[in-house]
Amino acid sequence: MKKIAVFPGSFDPITLGHYDIILRALNLFDEIIIAIGENYNKKYMFSTKKRKNWIVQLFINHPKIRVEIYKGLTITFCKKKSANFILRGLRNIIDFELEKSIFYTNESIKPSRHKYFIETVFLLTSYKFSHISSNIVRNIIKSNGNYSNLVPFSVKI
Ligand code: ADP
């Protein structure tokens with residue numbers, strides 16, 4: 001079985017925290033699909049095109065990584081892509097509680113195991129990136145601050 005993981009998120013914008021999780025997960029999976037969510041209920045700071053381009057540029061030399069945009073349920077997207085793993089990062093207790101409810105929701109709506117196997121894999125944030133969130137980066141950008149130590153080189157506002 002080819003181990004394909006979907007890493008879903010807003011990536012508004014991608015940060016060094018996301019980047020670190022993806023690089024570490026490359027050791028676990030044959031392929032990682034970075035799935036940029038387009039959720040009608042969410043207002044994004046950056047267009048989907050920009051969010052995607054920054055990630056594509058970042059992983060241009062990584063044959064195991066694909067970048068896609070998706071709408072709707074993550075689980076439906078995963079099934080369509082024949083991915084058996086969802087990748088998520090954990091920074092703190094707030095992430096844990098949120099991820100727990102997402103996990104149990106996915107459990108309750110996923111197809112029965114013999115039809116489709118899907119498991120979520122959580123990686124704990126690296127200590128030096130544990131304070132980074134897209135939200136913090138957006139706030140720094142809005143205040144014209146220096147965000148360059150928080151995002152990968154490809155993010156150019
Ligand atoms: P979402 O809108 O789904 O929260 P994000 O783009 O904010 O999307 O995050 C996607 C995933 O990356 C989530 O699992 C989140 O917990 C994780 N993540 C975000 N920042 C970090 C970080 N600094 N370290 C580890 N994981 C992170």
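Caption draft 1: Seen up close, the sheet that holds strand β5 (residues 119–124). Judged by pairing direction, the sheet is parallel, and its five strands sit side by side in the order β3-β2-β1-β4-β5 without closing on themselves. The open sheet has two edge strands, β3 (65–70) and β5, and neither has a second partner. Neighbour to neighbour, the strand axes of the sheet diverge by 30° on average, direction disregarded. In terms of strand pairing, strand β4 (residues 85–90) meets β5 through six bridges, oriented parallel. Pairing of Ile86 across the sheet is with Thr120, part of β5. Sheet contacts for helix α1 (residues 16–25): β1 (4–9), β2 (31–37), β3, β4 and β5; angle to β5, the most-contacted strand, approximately 120°.

Caption draft 2: Highlighting the site of the ligand. In the vicinity of the ligand there are 17 residues, among which Ser10, Lys42, Gly89, Phe129 and Ile132 approach most closely. Within the backbone of Gly89, an N or O atom sits 2.7 Å from an oxygen atom of the ligand. Separating a nitrogen atom of the ligand from a backbone N or O atom of Ile132 is a distance of 2.9 Å. Here the ligand, which alone exposes 550 Å², has 88% of that area covered by the protein. Taken together, the elements giving at least two residues each to the shell around the ligand come down to β1, α1, β4 and α4 (93–109). Residues belonging to the shell around the ligand are distributed by class as follows: six nonpolar, six polar and five charged.

Caption draft 3: Up close: helix α2 (residues 48–58). Here α2 has its buried residues at Thr48, Arg51, Trp54, Ile55 and Leu58. Taken around the axis of α2, the buried residues stretch over an arc of 140°, which confines them to a single face.

Caption draft 4: Structural detail: the pattern of salt bridges. Overall, the coordinates contain eleven salt bridges when judged by the stated rule. Arg66 serves as the salt-bridge partner of Glu68, at 2.8 Å between the closest nitrogen and oxygen. Look at Glu68 and you get buried, because its relative accessible area is 16%.

Caption draft 5: Seen up close, the side chain of Thr120. Tracing the sequence through the fold places Thr120 in strand β5. According to the relative accessible area criterion, Thr120 is buried, its value standing at 15%. When residues no more than four places from it in sequence are discounted, the contact partners of Thr120 are Ile86, Arg88 and Phe103.

Caption draft 6: View of the environment of Asp20. Relative to the helices and strands, Asp20 is located in helix α1. Of the residues examined, Asp20 reaches a relative accessible area of 13% and is grouped as buried. Residues in contact with Asp20, not counting those within four places in the same chain, are Ser126 and Phe129. Within polar-contact distance, the side chain of Asp20 engages the side chain of Ser126 at 2.6 Å.

Caption draft 7: How the structure looks around the environment of Leu28. One can find Leu28 in the loop between α1 and β2. Put simply, Leu28 and Val121 are 93 residues apart on the chain and 9.9 Å apart in space, counted from C-alpha to C-alpha. Leaving out residues up to four positions away in the same chain, Leu28 has contacts with Lys3, Val121 and Leu123.

Caption draft 8: Molecular detail of a nonpolar patch on the surface. A surface patch of nonpolar side chains, amounting to about 340 Å² of accessible area, comprises Ile93, Ile94 and Phe96. Examined against the element boundaries, Ile93 turns out to sit in helix α4. Taking the relative accessible area as the measure of exposure, Ile93 reaches 60% and is therefore exposed.

Analysis parameters
Residue numbers here run from 1 along each chain, matching the order of that chain's written sequence. Per-residue local features of the predicted model are confined to residues with pLDDT of at least 70, and side-chain atom pairs are confined, for both listing and counting, to 80 or more; whole-chain, interface and lining totals are unaffected and use all residues. Hydrogen atoms and water are omitted, and side-chain values are computed over all heavy atoms in the structure. The criterion for strand pairing is that DSSP finds at least two bridges linking the strands in question. Secondary structure elements are taken from DSSP: a helix is a run of H or I of four residues or more, a strand is a run of E of two residues or more, and numbering for both begins at the N terminus. Here, axes are lines fitted to C-alpha atoms. For helices the fit covers the stretch in contact, and angles between N-to-C directions go from 0 to 180 degrees. Here, residues are in contact when the closest pair of their heavy atoms is within 4.5 Å. Throughout, near means a residue has at least one heavy atom within 4 Å of the molecule or strand. Under the rule applied, a polar contact is a pair of N or O atoms within 3.5 Å (in protein, one hydrogen donor and one hydrogen acceptor; residues adjacent in sequence only if both atoms are side-chain atoms). Using the Shrake-Rupley algorithm and a 1.4 Å probe, accessible areas are obtained, with residue cover drawn only from the displayed protein chains. Classes in brief: Ala, Val, Leu, Ile, Met, Phe, Trp, Tyr, Cys and Pro nonpolar; Asp, Glu, Lys and Arg charged; the others, Gly included, polar. Only protein chains enter the calculation, and the probe is 1.4 Å; a residue is then buried if its accessible area is under 20% of its type maximum, exposed if over 50%, and partly exposed in between. For this quantity, the arc is that covered by the directions from the helix axis to the C-beta atoms. Salt bridges, as used here, are contacts in which a Lys or Arg side-chain nitrogen is within 4 Å of a carboxyl oxygen on Asp or Glu. Patches draw on residues past 30% relative accessible area with no salt bridge. Two like charges within 9 Å are joined, as are two nonpolar side chains (Val, Leu, Ile, Met, Phe, Trp, Tyr) within 5 Å.

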